Amino acid sequence: MDPAVRRPGRVGLFRYKTQYAAVATDLATGREVWLQSGPIHEAVRASIALPGILSPARIDGRWLVDGGEKPSTPTTHVPTRW
């Protein structure tokens, strides 16, 4: 069995056969952050953080929250990313 299936939290995003990216918002700048590498559990955790409900996630020195905190729609950028 593929290690990405057995232990998803311990495998980096680059190891999955299907490309994946999570979108989060940097609390300090308000800018959209695309998480396309690193442990998948960190990317998902950052992309679901809702202030007041689920605390921000710290990745690479940045405090990140759900990408929906920014008014843009992430799906508009998908074709340019791959």
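The sections below set out a description of the structure shown in this document. (Residues numbered from 1 in each chain as written. Predicted model: local features only at pLDDT ≥ 70, side-chain atom pairs only at ≥ 80, totals over all residues. Heavy atoms only, no water.)

1. Notes on the pairing of strand β1 (residues 22-26)
- Of all five residues making up β1, five are buried, and the element is well covered by its neighbours.
- Note that β1 and strand β2 (residues 32-35) share four bridges and pair antiparallel. Note on β2: the bridge partner recorded for V23 is W34.
- As consecutive antiparallel partners, β1 and β2 are separated by five residues, and within that stretch G30 has a phi angle of approximately 80 degrees, a positive value.
- Of the strand pairs in this sheet, β1 and strand β4 (residues 62-66) are connected by three bridges, and their pairing is antiparallel. Each residue of the ladder has a partner; that of A24, found in β4, is D66. (Buried < 20%, exposed > 50% of the residue type's maximum accessible area, 1.4 Å probe, protein only. Helix = DSSP H or I, 4+ residues; strand = E, 2+ residues; numbered from the N terminus. Pairing = 2+ DSSP bridges.)

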